[in-house]
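Working through the structure, step by step
One-letter residues, chain by chain:
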Amino acid sequence: MLMSNHSPPGSGEAAPPRILQKFAYLLSARWVREALQTVFLIYLARVSSTTYGEFMLALGLGGILLLVAEFGLNLPLVSLLGKKDGDPDAALSQVSLLKGVLLVLALMGVLGFMEWQDYSPSLKHVMFLLSAGAGLEALSNSFFVALQVRGRQDLQGKVKVLASGLGFGYGLIALALGAPPLAIAAFKLIESLVNLGGSFILVRSRGGFRFKWPSLGRLGSTLQLGLVFALIEVSAIIYNKANLFFLQKYAGAHGVAQYSVTWQTVDGISGLVSNLLLQSILFPLFVQLWEVDRAKVRQLAQNTARWLLAAALVVMFVLFIESDRIITLIYGPKYPEAIWLQKLLVVTVVFAFMHNLAAFLMISMRFQRLLLIFYLGGLAFNLAWCTLVIPRAPLLGAALAMVLTKGGVACLTVSFCQRRLGLISRRHLLQLGLTVLAGALLYLVGHGRLPREAAEVLALAPSLLLAGRWWLRRDKIP
(Lines give C-alpha, C1' and ligand atoms only; values in the text may rest on other atoms or scores of the structure.)
Protein backbone atom coordinates (compact mmCIF):
# COMPACT_ATOMS: atom_id res chain seq x y z
CA MET A 1 0.00 0.00 0.00
CA LEU A 2 1.18 3.53 -0.79
CA MET A 3 2.40 5.09 2.44
CA SER A 4 2.51 8.82 3.03
CA ASN A 5 4.15 11.09 5.55
CA HIS A 6 2.00 14.15 5.66
CA SER A 7 1.82 15.40 9.22
CA PRO A 8 2.62 19.08 9.53
CA PRO A 9 6.02 19.81 10.97
CA GLY A 10 6.11 20.93 14.53
CA SER A 11 8.26 23.74 15.81
CA GLY A 12 10.81 21.41 17.27
CA GLU A 13 10.99 18.83 14.49
CA ALA A 14 14.26 18.57 12.63
CA ALA A 15 13.76 15.42 10.57
CA PRO A 16 11.46 16.61 7.78
CA PRO A 17 13.27 18.68 5.14
CA ARG A 18 12.72 22.40 5.55
CA ILE A 19 11.03 24.50 2.89
CA LEU A 20 14.25 25.80 1.37
CA GLN A 21 15.74 22.32 1.23
CA LYS A 22 12.70 20.93 -0.60
CA PHE A 23 12.70 23.93 -2.90
CA ALA A 24 16.39 23.32 -3.64
CA TYR A 25 15.69 19.75 -4.81
CA LEU A 26 13.06 20.86 -7.31
CA LEU A 27 14.92 24.02 -8.22
CA SER A 28 18.00 22.04 -9.18
CA ALA A 29 15.94 19.80 -11.45
CA ARG A 30 14.10 22.81 -12.85
CA TRP A 31 17.39 24.59 -13.57
CA VAL A 32 18.67 21.60 -15.49
CA ARG A 33 15.47 21.37 -17.50
CA GLU A 34 15.22 25.11 -18.08
CA ALA A 35 18.85 25.27 -19.16
CA LEU A 36 18.40 22.43 -21.64
CA GLN A 37 15.08 23.82 -22.88
CA THR A 38 16.59 27.28 -23.28
CA VAL A 39 19.50 25.95 -25.30
CA PHE A 40 17.14 23.89 -27.43
CA LEU A 41 14.70 26.73 -28.13
CA ILE A 42 17.46 29.26 -28.79
CA TYR A 43 19.08 26.85 -31.24
CA LEU A 44 15.70 26.26 -32.89
CA ALA A 45 14.94 30.00 -33.05
CA ARG A 46 18.30 30.72 -34.68
CA VAL A 47 17.86 27.92 -37.21
CA SER A 48 14.35 28.94 -38.31
CA SER A 49 11.97 31.55 -36.88
CA THR A 50 9.07 29.90 -38.72
CA THR A 51 9.70 26.47 -37.22
CA TYR A 52 10.21 28.09 -33.83
CA GLY A 53 6.84 29.83 -34.10
CA GLU A 54 5.16 26.57 -35.08
CA PHE A 55 6.72 24.72 -32.13
CA MET A 56 5.61 27.42 -29.68
CA LEU A 57 2.08 27.28 -31.09
CA ALA A 58 2.09 23.49 -30.74
CA LEU A 59 3.41 23.64 -27.18
CA GLY A 60 0.71 26.17 -26.34
CA LEU A 61 -1.95 23.75 -27.58
CA GLY A 62 -0.19 20.98 -25.68
CA GLY A 63 -0.43 23.01 -22.49
CA ILE A 64 -4.19 23.29 -22.93
CA LEU A 65 -4.45 19.56 -23.62
CA LEU A 66 -2.42 18.79 -20.49
CA LEU A 67 -4.75 20.71 -18.22
CA VAL A 68 -7.83 19.19 -19.83
CA ALA A 69 -6.35 15.72 -19.22
CA GLU A 70 -5.48 16.58 -15.63
CA PHE A 71 -8.99 17.98 -15.05
CA GLY A 72 -7.80 19.80 -11.95
CA LEU A 73 -7.29 16.48 -10.19
CA ASN A 74 -3.79 17.17 -8.83
CA LEU A 75 -4.99 19.61 -6.17
CA PRO A 76 -7.69 17.37 -4.66
CA LEU A 77 -5.28 14.44 -4.97
CA VAL A 78 -3.08 16.18 -2.38
CA SER A 79 -5.99 16.11 0.07
CA LEU A 80 -6.96 12.52 -0.78
CA LEU A 81 -3.42 11.24 -0.26
CA GLY A 82 -3.10 13.28 2.93
CA LYS A 83 -6.07 11.70 4.72
CA LYS A 84 -4.90 9.55 7.60
CA ASP A 85 -7.91 7.25 7.33
CA GLY A 86 -8.01 7.23 3.52
CA ASP A 87 -6.85 4.72 0.91
CA PRO A 88 -3.93 6.27 -1.00
CA ASP A 89 -3.75 3.36 -3.47
CA ALA A 90 -7.41 3.77 -4.43
CA ALA A 91 -7.09 7.55 -4.71
CA LEU A 92 -4.05 7.36 -6.97
CA SER A 93 -5.64 4.62 -9.09
CA GLN A 94 -8.84 6.59 -9.58
CA VAL A 95 -7.04 9.77 -10.57
CA SER A 96 -4.65 7.98 -12.95
CA LEU A 97 -7.46 6.09 -14.71
CA LEU A 98 -9.54 9.24 -15.11
CA LYS A 99 -6.59 11.13 -16.54
CA GLY A 100 -5.93 8.39 -19.06
CA VAL A 101 -9.51 8.51 -20.36
CA LEU A 102 -9.50 12.32 -20.46
CA LEU A 103 -6.18 12.29 -22.33
CA VAL A 104 -7.63 10.15 -25.12
CA LEU A 105 -10.68 12.42 -25.39
CA ALA A 106 -8.49 15.54 -25.37
CA LEU A 107 -6.32 14.16 -28.19
CA MET A 108 -9.46 13.61 -30.24
CA GLY A 109 -10.35 17.25 -29.55
CA VAL A 110 -6.90 18.33 -30.78
CA LEU A 111 -7.51 16.54 -34.07
CA GLY A 112 -10.83 18.31 -34.48
CA PHE A 113 -9.35 21.71 -33.63
CA MET A 114 -6.58 21.37 -36.19
CA GLU A 115 -9.10 20.43 -38.87
CA TRP A 116 -11.23 23.44 -37.92
CA GLN A 117 -8.24 25.79 -38.17
CA ASP A 118 -7.25 24.22 -41.51
CA TYR A 119 -3.57 23.92 -40.62
CA SER A 120 -1.14 22.48 -43.15
CA PRO A 121 -0.49 18.70 -42.93
CA SER A 122 3.08 19.21 -41.72
CA LEU A 123 1.96 21.59 -38.96
CA LYS A 124 -0.80 19.15 -37.94
CA HIS A 125 1.70 16.32 -37.51
CA VAL A 126 4.08 18.43 -35.43
CA MET A 127 1.28 19.80 -33.27
CA PHE A 128 -0.23 16.37 -32.61
CA LEU A 129 3.10 14.81 -31.61
CA LEU A 130 4.03 17.68 -29.29
CA SER A 131 0.51 17.76 -27.82
CA ALA A 132 0.60 14.01 -27.14
CA GLY A 133 3.95 14.38 -25.40
CA ALA A 134 2.66 17.25 -23.26
CA GLY A 135 -0.53 15.36 -22.44
CA LEU A 136 1.36 12.37 -21.06
CA GLU A 137 2.65 14.65 -18.31
CA ALA A 138 -0.82 14.42 -16.78
CA LEU A 139 -0.16 10.77 -15.88
CA SER A 140 3.35 11.30 -14.50
CA ASN A 141 2.19 14.30 -12.45
CA SER A 142 -0.11 12.04 -10.41
CA PHE A 143 2.87 10.01 -9.23
CA PHE A 144 4.91 13.15 -8.65
CA VAL A 145 2.13 14.45 -6.38
CA ALA A 146 2.38 11.21 -4.38
CA LEU A 147 6.11 11.80 -3.96
CA GLN A 148 5.51 15.43 -2.93
CA VAL A 149 2.97 14.49 -0.27
CA ARG A 150 5.50 12.04 1.16
CA GLY A 151 8.16 14.77 1.19
CA ARG A 152 10.31 13.07 -1.47
CA GLN A 153 10.94 16.04 -3.73
CA ASP A 154 14.51 14.78 -4.03
CA LEU A 155 13.35 11.69 -5.94
CA GLN A 156 11.08 13.77 -8.14
CA GLY A 157 14.01 16.03 -8.98
CA LYS A 158 16.20 13.09 -10.01
CA VAL A 159 13.58 11.69 -12.38
CA LYS A 160 12.98 15.09 -13.98
CA VAL A 161 16.70 15.64 -14.53
CA LEU A 162 17.02 12.27 -16.28
CA ALA A 163 13.93 12.87 -18.40
CA SER A 164 14.92 16.36 -19.49
CA GLY A 165 18.45 15.22 -20.28
CA LEU A 166 17.25 12.42 -22.55
CA GLY A 167 14.45 14.43 -24.17
CA PHE A 168 16.25 17.66 -24.92
CA GLY A 169 19.47 15.79 -25.62
CA TYR A 170 17.68 13.97 -28.40
CA GLY A 171 16.17 17.22 -29.65
CA LEU A 172 19.53 18.98 -29.81
CA ILE A 173 21.14 16.08 -31.67
CA ALA A 174 18.23 15.99 -34.12
CA LEU A 175 18.58 19.73 -34.72
CA ALA A 176 22.33 19.44 -35.26
CA LEU A 177 21.80 16.66 -37.79
CA GLY A 178 19.27 18.74 -39.72
CA ALA A 179 16.33 16.44 -39.00
CA PRO A 180 12.84 17.47 -40.19
CA PRO A 181 10.51 19.21 -37.68
CA LEU A 182 8.45 16.07 -37.03
CA ALA A 183 11.53 14.08 -35.98
CA ILE A 184 12.70 16.94 -33.76
CA ALA A 185 9.27 17.16 -32.12
CA ALA A 186 9.69 13.64 -30.71
CA PHE A 187 11.84 15.12 -27.92
CA LYS A 188 8.72 15.92 -25.89
CA LEU A 189 7.38 12.37 -26.14
CA ILE A 190 10.73 10.97 -24.96
CA GLU A 191 10.84 13.32 -21.96
CA SER A 192 7.27 12.53 -20.91
CA LEU A 193 7.68 8.76 -21.21
CA VAL A 194 10.80 8.81 -19.02
CA ASN A 195 8.99 10.96 -16.43
CA LEU A 196 6.04 8.58 -16.42
CA GLY A 197 8.11 5.43 -16.16
CA GLY A 198 10.48 6.81 -13.54
CA SER A 199 7.79 8.29 -11.28
CA PHE A 200 5.69 5.11 -11.45
CA ILE A 201 8.64 2.87 -10.58
CA LEU A 202 9.64 5.06 -7.61
CA VAL A 203 6.13 5.25 -6.17
CA ARG A 204 5.64 1.50 -6.58
CA SER A 205 9.02 0.50 -5.18
CA ARG A 206 9.16 2.98 -2.29
CA GLY A 207 5.55 2.79 -1.13
CA GLY A 208 4.25 -0.53 -2.43
CA PHE A 209 1.60 1.04 -4.67
CA ARG A 210 -1.03 -1.38 -6.01
CA PHE A 211 -3.49 -0.40 -8.71
CA LYS A 212 -7.13 -0.79 -7.61
CA TRP A 213 -9.96 -0.76 -10.10
CA PRO A 214 -12.41 1.88 -8.87
CA SER A 215 -16.17 1.63 -9.07
CA LEU A 216 -18.14 3.93 -11.35
CA GLY A 217 -19.51 5.68 -8.28
CA ARG A 218 -16.03 6.49 -7.01
CA LEU A 219 -14.94 7.69 -10.44
CA GLY A 220 -17.93 10.00 -10.57
CA SER A 221 -17.18 11.35 -7.09
CA THR A 222 -13.55 11.97 -7.99
CA LEU A 223 -14.56 13.76 -11.19
CA GLN A 224 -16.98 15.92 -9.27
CA LEU A 225 -14.28 16.70 -6.73
CA GLY A 226 -11.94 17.84 -9.47
CA LEU A 227 -14.51 19.72 -11.57
CA VAL A 228 -13.97 23.13 -10.00
CA PHE A 229 -10.20 22.76 -10.14
CA ALA A 230 -10.41 21.59 -13.73
CA LEU A 231 -12.39 24.64 -14.75
CA ILE A 232 -9.92 26.87 -12.89
CA GLU A 233 -6.89 25.38 -14.63
CA VAL A 234 -8.48 25.20 -18.06
CA SER A 235 -9.62 28.83 -17.78
CA ALA A 236 -6.09 29.86 -16.80
CA ILE A 237 -4.36 28.01 -19.63
CA ILE A 238 -6.81 29.31 -22.21
CA TYR A 239 -6.39 32.95 -21.25
CA ASN A 240 -2.63 32.42 -21.14
CA LYS A 241 -2.52 30.83 -24.62
CA ALA A 242 -5.50 32.22 -26.55
CA ASN A 243 -3.53 35.18 -27.88
CA LEU A 244 -1.11 32.79 -29.61
CA PHE A 245 -3.87 31.38 -31.81
CA PHE A 246 -5.12 34.87 -32.65
CA LEU A 247 -1.53 35.86 -33.46
CA GLN A 248 -1.12 32.85 -35.73
CA LYS A 249 -4.23 33.93 -37.62
CA TYR A 250 -3.43 37.63 -37.97
CA ALA A 251 0.39 37.76 -37.84
CA GLY A 252 1.47 34.25 -38.86
CA ALA A 253 4.25 32.13 -37.38
CA HIS A 254 6.56 35.14 -37.51
CA GLY A 255 4.33 37.09 -35.11
CA VAL A 256 4.04 34.09 -32.79
CA ALA A 257 7.84 33.83 -32.75
CA GLN A 258 8.32 37.54 -31.93
CA TYR A 259 5.93 37.27 -28.98
CA SER A 260 7.12 33.87 -27.79
CA VAL A 261 10.82 34.64 -27.40
CA THR A 262 10.06 37.27 -24.75
CA TRP A 263 7.11 35.47 -23.15
CA GLN A 264 9.29 32.39 -22.78
CA THR A 265 11.58 34.40 -20.51
CA VAL A 266 8.95 36.32 -18.55
CA ASP A 267 6.55 33.42 -18.05
CA GLY A 268 9.41 31.03 -17.32
CA ILE A 269 10.36 33.02 -14.24
CA SER A 270 6.73 33.16 -13.09
CA GLY A 271 6.35 29.42 -13.61
CA LEU A 272 9.51 28.73 -11.62
CA VAL A 273 8.00 30.37 -8.54
CA SER A 274 4.47 29.08 -9.07
CA ASN A 275 5.23 25.43 -9.85
CA LEU A 276 8.18 24.81 -7.57
CA LEU A 277 7.90 27.04 -4.51
CA LEU A 278 4.16 27.63 -4.30
CA GLN A 279 2.46 24.54 -5.73
CA SER A 280 4.96 21.79 -4.92
CA ILE A 281 6.09 22.98 -1.48
CA LEU A 282 3.99 25.71 0.13
CA PHE A 283 0.55 24.59 -1.07
CA PRO A 284 0.76 21.17 0.67
CA LEU A 285 1.83 23.04 3.81
CA PHE A 286 -1.06 25.50 3.53
CA VAL A 287 -3.52 22.59 3.18
CA GLN A 288 -2.10 20.67 6.13
CA LEU A 289 -1.72 23.66 8.47
CA TRP A 290 -5.05 25.33 7.74
CA GLU A 291 -6.93 22.75 9.79
CA VAL A 292 -4.56 22.75 12.76
CA ASP A 293 -2.78 26.12 12.96
CA ARG A 294 -4.28 28.97 10.95
CA ALA A 295 -2.03 31.50 12.64
CA LYS A 296 0.94 29.64 11.16
CA VAL A 297 -0.65 29.84 7.70
CA ARG A 298 -1.10 33.59 8.12
CA GLN A 299 2.52 34.04 9.18
CA LEU A 300 3.86 31.88 6.37
CA ALA A 301 1.68 33.66 3.79
CA GLN A 302 2.78 37.10 4.96
CA ASN A 303 6.46 36.16 4.88
CA THR A 304 6.08 34.64 1.42
CA ALA A 305 4.20 37.68 0.05
CA ARG A 306 6.87 40.04 1.31
CA TRP A 307 9.70 38.14 -0.36
CA LEU A 308 7.78 37.59 -3.57
CA LEU A 309 7.17 41.33 -3.93
CA ALA A 310 10.84 42.13 -3.34
CA ALA A 311 11.99 39.46 -5.78
CA ALA A 312 9.48 40.60 -8.42
CA LEU A 313 10.76 44.17 -8.31
CA VAL A 314 14.34 43.10 -8.94
CA VAL A 315 13.39 40.69 -11.73
CA MET A 316 11.16 43.26 -13.44
CA PHE A 317 13.85 45.92 -13.38
CA VAL A 318 16.51 43.64 -14.87
CA LEU A 319 14.22 42.30 -17.61
CA PHE A 320 13.02 45.81 -18.50
CA ILE A 321 16.32 47.64 -18.55
CA GLU A 322 18.27 44.82 -20.21
CA SER A 323 15.61 43.75 -22.72
CA ASP A 324 17.67 44.82 -25.74
CA ARG A 325 20.72 42.89 -24.63
CA ILE A 326 18.81 39.80 -23.48
CA ILE A 327 16.84 39.35 -26.69
CA THR A 328 19.67 40.17 -29.09
CA LEU A 329 22.32 38.18 -27.26
CA ILE A 330 20.19 35.07 -26.84
CA TYR A 331 18.06 34.96 -29.97
CA GLY A 332 20.01 37.06 -32.43
CA PRO A 333 18.93 40.02 -34.59
CA LYS A 334 15.80 38.41 -36.06
CA TYR A 335 13.50 39.48 -33.20
CA PRO A 336 13.44 43.31 -32.95
CA GLU A 337 9.76 43.41 -31.93
CA ALA A 338 10.46 41.20 -28.93
CA ILE A 339 12.53 43.93 -27.27
CA TRP A 340 9.67 46.37 -26.74
CA LEU A 341 7.29 43.50 -26.02
CA GLN A 342 9.47 42.42 -23.09
CA LYS A 343 9.41 45.94 -21.63
CA LEU A 344 5.62 45.76 -21.66
CA LEU A 345 5.25 42.20 -20.39
CA VAL A 346 7.59 42.45 -17.38
CA VAL A 347 4.79 43.85 -15.21
CA THR A 348 3.11 40.43 -15.39
CA VAL A 349 5.88 39.05 -13.16
CA VAL A 350 4.57 40.75 -10.02
CA PHE A 351 0.98 39.95 -11.03
CA ALA A 352 1.84 36.26 -11.42
CA PHE A 353 3.87 36.02 -8.20
CA MET A 354 1.17 37.53 -5.99
CA HIS A 355 -1.81 36.00 -7.76
CA ASN A 356 -0.44 32.45 -7.57
CA LEU A 357 0.21 32.83 -3.85
CA ALA A 358 -3.30 34.18 -3.29
CA ALA A 359 -4.88 31.47 -5.45
CA PHE A 360 -3.27 28.62 -3.50
CA LEU A 361 -4.29 30.27 -0.25
CA MET A 362 -7.91 30.53 -1.45
CA ILE A 363 -7.91 26.83 -2.33
CA SER A 364 -6.44 25.96 1.07
CA MET A 365 -9.25 28.00 2.71
CA ARG A 366 -11.88 26.14 0.60
CA PHE A 367 -12.78 29.17 -1.53
CA GLN A 368 -12.09 27.46 -4.85
CA ARG A 369 -15.57 28.27 -6.21
CA LEU A 370 -15.01 31.98 -5.73
CA LEU A 371 -11.59 31.57 -7.33
CA LEU A 372 -13.29 29.94 -10.33
CA ILE A 373 -15.56 32.96 -10.70
CA PHE A 374 -12.48 35.21 -10.79
CA TYR A 375 -10.87 33.03 -13.45
CA LEU A 376 -13.98 32.87 -15.61
CA GLY A 377 -14.24 36.65 -15.48
CA GLY A 378 -10.61 36.93 -16.59
CA LEU A 379 -11.20 34.43 -19.39
CA ALA A 380 -14.25 36.29 -20.71
CA PHE A 381 -12.34 39.57 -20.75
CA ASN A 382 -9.31 37.98 -22.40
CA LEU A 383 -11.28 36.38 -25.23
CA ALA A 384 -13.22 39.58 -25.86
CA TRP A 385 -9.99 41.60 -25.95
CA CYS A 386 -8.27 39.15 -28.31
CA THR A 387 -11.28 39.15 -30.63
CA LEU A 388 -11.59 42.93 -30.80
CA VAL A 389 -8.01 44.20 -30.51
CA ILE A 390 -5.55 41.64 -31.93
CA PRO A 391 -6.95 41.84 -35.50
CA ARG A 392 -6.18 45.60 -35.46
CA ALA A 393 -2.84 45.51 -33.59
CA PRO A 394 -1.61 41.89 -33.39
CA LEU A 395 1.55 42.14 -31.27
CA LEU A 396 0.50 45.04 -29.05
CA GLY A 397 -2.96 43.53 -28.58
CA ALA A 398 -1.52 40.13 -27.65
CA ALA A 399 0.81 41.67 -25.05
CA LEU A 400 -1.88 43.87 -23.52
CA ALA A 401 -4.24 40.88 -23.36
CA MET A 402 -1.82 39.24 -20.92
CA VAL A 403 -1.04 42.39 -18.92
CA LEU A 404 -4.67 43.39 -18.41
CA THR A 405 -5.99 39.87 -17.79
CA LYS A 406 -3.30 38.89 -15.31
CA GLY A 407 -3.48 42.26 -13.59
CA GLY A 408 -7.25 42.12 -13.21
CA VAL A 409 -7.35 38.56 -11.85
CA ALA A 410 -4.45 39.31 -9.48
CA CYS A 411 -6.28 42.33 -8.08
CA LEU A 412 -9.30 40.16 -7.27
CA THR A 413 -7.43 37.27 -5.62
CA VAL A 414 -4.91 39.36 -3.70
CA SER A 415 -7.63 41.72 -2.45
CA PHE A 416 -9.61 38.76 -1.12
CA CYS A 417 -6.59 37.31 0.72
CA GLN A 418 -5.66 40.74 2.00
CA ARG A 419 -9.03 41.01 3.74
CA ARG A 420 -8.85 37.48 5.13
CA LEU A 421 -5.19 37.16 6.11
CA GLY A 422 -3.68 40.63 6.03
CA LEU A 423 -1.36 39.37 3.31
CA ILE A 424 0.67 42.57 2.93
CA SER A 425 1.13 45.05 5.77
CA ARG A 426 1.07 48.78 5.13
CA ARG A 427 4.52 49.10 6.65
CA HIS A 428 6.04 46.65 4.20
CA LEU A 429 4.22 48.25 1.27
CA LEU A 430 5.57 51.63 2.31
CA GLN A 431 9.08 50.22 2.56
CA LEU A 432 8.79 48.70 -0.91
CA GLY A 433 7.38 51.92 -2.35
CA LEU A 434 10.20 54.00 -0.92
CA THR A 435 12.69 51.44 -2.19
CA VAL A 436 11.31 51.69 -5.72
CA LEU A 437 11.39 55.49 -5.56
CA ALA A 438 14.96 55.52 -4.27
CA GLY A 439 16.07 53.07 -6.95
CA ALA A 440 14.45 55.13 -9.70
CA LEU A 441 16.10 58.33 -8.48
CA LEU A 442 19.51 56.67 -8.25
CA TYR A 443 19.12 55.32 -11.78
CA LEU A 444 18.22 58.74 -13.13
CA VAL A 445 21.24 60.24 -11.38
CA GLY A 446 23.60 57.57 -12.69
CA HIS A 447 22.16 57.27 -16.22
CA GLY A 448 24.42 59.02 -18.70
CA ARG A 449 27.00 59.82 -16.04
CA LEU A 450 28.09 56.28 -15.17
CA PRO A 451 28.59 53.17 -17.28
CA ARG A 452 25.30 51.42 -17.97
CA GLU A 453 26.06 48.49 -15.70
CA ALA A 454 27.09 50.76 -12.82
CA ALA A 455 23.87 52.76 -13.08
CA GLU A 456 21.83 49.57 -12.98
CA VAL A 457 23.67 48.22 -9.92
CA LEU A 458 23.16 51.59 -8.23
CA ALA A 459 19.42 51.41 -8.92
CA LEU A 460 19.23 47.90 -7.43
CA ALA A 461 21.12 48.83 -4.26
CA PRO A 462 18.04 49.97 -2.24
CA SER A 463 16.19 46.73 -3.02
CA LEU A 464 19.17 44.62 -2.02
CA LEU A 465 19.59 46.59 1.21
CA LEU A 466 15.90 46.14 2.06
CA ALA A 467 16.14 42.41 1.35
CA GLY A 468 19.17 42.19 3.65
CA ARG A 469 17.34 44.04 6.40
CA TRP A 470 14.33 41.72 6.10
CA TRP A 471 16.60 38.69 6.19
CA LEU A 472 18.30 39.79 9.37
CA ARG A 473 14.92 40.42 11.04
CA ARG A 474 13.10 37.49 9.47
CA ASP A 475 10.54 35.50 11.40
CA LYS A 476 11.26 31.82 11.81
CA ILE A 477 9.67 29.87 8.95
CA PRO A 478 8.69 26.24 9.59
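Residues numbered from 1 in each chain as written. Predicted model: local features only at pLDDT ≥ 70, side-chain atom pairs only at ≥ 80, totals over all residues. Heavy atoms only, no water.

1. Side note on the overall build of the protein chain
To keep it simple, the criterion reads: Comment: elements are numbered from the N terminus, with helices defined as DSSP H or I runs of at least four residues and strands as E runs of at least two. A 1.4 Å probe and the Shrake-Rupley method give the accessible areas. Residues count as covered only by the protein chains that appear here.
Scanning the protein chain from N- to C-terminus turns up 18 helices and zero strands. On the protein chain, roughly 20,900 Å² of surface is accessible, and the fraction owed to carbon and sulfur atoms is 68%.

2. What about unusual backbone geometry?
Even without being glycine, D118 reaches a positive phi, approximately 55°. Phi angles above zero are rare outside glycine, and R366 is one such case at about 70°.

3. Observations regarding the side chain of S364
Rules: Contact definition: two residues touch when any of their heavy atoms are within 4.5 Å.
Tracing the chain through its elements places S364 in helix α14 (residues 348-364). Filtering out sequence-adjacent residues up to four positions away, S364 remains in contact with F283, F286, V287 and W290.

4. Brief notes about helix α12 (residues 323-331)
Three or four residues apart is the spacing at which side chains of an α-helix point the same way, because the helix has 3.6 residues per turn. Heads up, the rule is: Only protein chains enter the accessibility calculation, which uses a 1.4 Å probe; a residue whose area is less than 20% of its type maximum is buried, one above 50% is exposed, and one in between is partly exposed. The arc in question is the one traced by the directions running from the helix axis out to the C-beta atoms.
Burial in α12 covers these residues: S323, I326, I327 and Y331. An end-on view of α12 places all buried positions within 90° of arc, on one side of the element. Backbone geometry just downstream of α12 places G332 in the positive-phi region, at approximately 90°.

5. Here's the deal with the pattern of salt bridges
Operational definition: Salt bridge, as used here, is a side-chain nitrogen of Lys or Arg placed within 4 Å of a carboxyl oxygen of Asp or Glu.
If you walk through the whole model with that rule in mind, you get ten salt bridges. Residues participating in the shared-partner salt-bridge network are E322, D324, R325, R452, E453 and E456.

6. Some details on the packing of aromatic side chains
One pair of aromatic rings is described through two measures. These are the centre distance and the angle between the planes. Where we set the bar: Planes of paired rings set the category: under 30 degrees apart is stacked, over 60 is edge-to-face and the rest tilted, where pairs are Phe, Tyr or Trp rings (Trp by its six-membered ring) whose centres lie within 6.5 Å. Both a distance and an angle decide whether a charge sits over a ring: NZ of Lys or CZ of Arg must be within 6 Å of the ring centre and within 35 degrees of the ring normal.
All chains considered together, the criterion is met by 15 aromatic pairs. Summarising the aromatic geometry, the rings of F40 and F187 are spaced 4.6 Å apart at their centres and angled 45° between planes, so their arrangement reads as tilted. Highlighted residues: F40 in helix α1 (residues 19-47) and F187 in helix α9 (residues 186-207), separated in sequence by 147 residues. On the basis of relative accessible area, F187 is assigned to the buried category, the value being 3%. Residues F113 and F245 carry aromatic rings whose centres are separated by 5.5 Å and whose planes lie at 75° to one another, so their mutual orientation is edge-to-face. Taken together, the residues F113 in helix α4 (residues 88-117) and F245 in helix α10 (residues 216-290) connect sequence positions 132 residues apart. By the ring-pair criterion, three or more aromatic residues cluster together here, those being F113, W116, Y119 and F245. Sitting over the ring of F320, K343 keeps its end group 4.5 Å from the ring centre.

7. Observations regarding the packing of helix α2 (residues 49-70) against helix α6 (residues 137-149)
Each pair of packed helices can be summarised by the angle the axes make with each other and by the distance between the axes. Put simply, the rule reads: Axis lines are fitted to C-alpha atoms, over the contacting stretch for helices. Their N-to-C directions set the angle, which ranges from 0 to 180 degrees. Comment on the angle field: the value is read as roughly parallel under 35 degrees, roughly antiparallel over 145, roughly perpendicular from 65 to 115, and oblique elsewhere. When the near helix sits turned anticlockwise from the far one by under a right angle, the crossing is termed left-handed; a clockwise turn instead gives a right-handed crossing. Polarity classes work like this: nonpolar for Ala, Val, Leu, Ile, Met, Phe, Trp, Tyr, Cys and Pro, charged for Asp, Glu, Lys and Arg, and polar for all others, with Gly in that last group.
Packing of α2 against α6 leaves a shortest axis separation of 9 Å and a crossing angle of 55°. The angle between α2 and α6 falls in the class oblique. Crossing geometry of α2 relative to α6 is assigned as right-handed. Of α6, the residues touching α2 (which contributes L66, A69 and E70) are E137, A138 and N141. Along the lines of polarity and charge, the residues of the contact of α2 with α6 split into three nonpolar, one polar and two charged.

8. Focus: the packing of helix α11 (residues 294-321) against α12
Relative orientation of the contacting elements α11 and α12 amounts to 65°, with a least axis distance of 4 Å. As the angle between them shows, α11 and α12 are arranged roughly perpendicular. Contact with α11, carried on its side by V318, L319, F320 and I321, involves S323, D324 and I326 of α12 and no other residues of that element.

9. Regarding helix α16 (residues 394-421)
Put simply, the rule is: For a helix, the expected span equals 1.5 Å multiplied by the residue count minus one.
Across its 28 residues, α16 extends 40 Å between first and last C-alpha, which sits within 8% of the 40 Å expected from 1.5 Å per residue. Where α16 terminates, the next one or two residues include G422, which has phi positive at roughly 60°.

10. Regarding a nonpolar patch on the surface
Selection rule: Note that patches include only residues with greater than 30% relative accessible area and no salt bridge, and the join distances are 9 Å for like charges and 5 Å for nonpolar side chains (Val, Leu, Ile, Met, Phe, Trp, Tyr).
Taken together, L430, L434, L437, L441 and L444 make up a surface patch of nonpolar side chains, about 520 Å² in accessible area. Among the structural elements, L430 can be located in helix α17 (residues 426-446). When its relative accessible area of 53% is taken as the criterion, L430 is described as exposed.

11. What to know about the side chain of T51
Within the secondary structure, T51 is located in helix α2. Those residues in contact with T51 that sit more than four places away from it in its chain are L44 and P181.

12. Brief notes about the nonpolar core
Put simply, the rule reads: Here the nonpolar core consists of buried residues drawn from Ala, Val, Leu, Ile, Met, Phe, Trp, Tyr and Cys, with membership extended through side-chain atoms lying within 4.5 Å.
By size, the foremost hydrophobic cluster in this structure holds 137 residues, and its most contacted members are F40, Y52, Y259, L361 and L423. With 24 residues, the top contributor of residues to this core is α10. Apart from residues lying up to four places away in sequence, F40 is in contact with F55, F168, G171, L172, L175, I184 and F187.

13. With respect to the confidence of the model for the protein chain
Heads up, the condition is: You can read pLDDT as the predictor saying how much it trusts each residue, on a scale of 0 to 100.
Here the protein chain shows a mean pLDDT of 82. Residues at 70 or above account for 84%. Note on residues 1-17: pLDDT is under 50 here. Beyond four places in sequence and across chains, it has 39 contacts.

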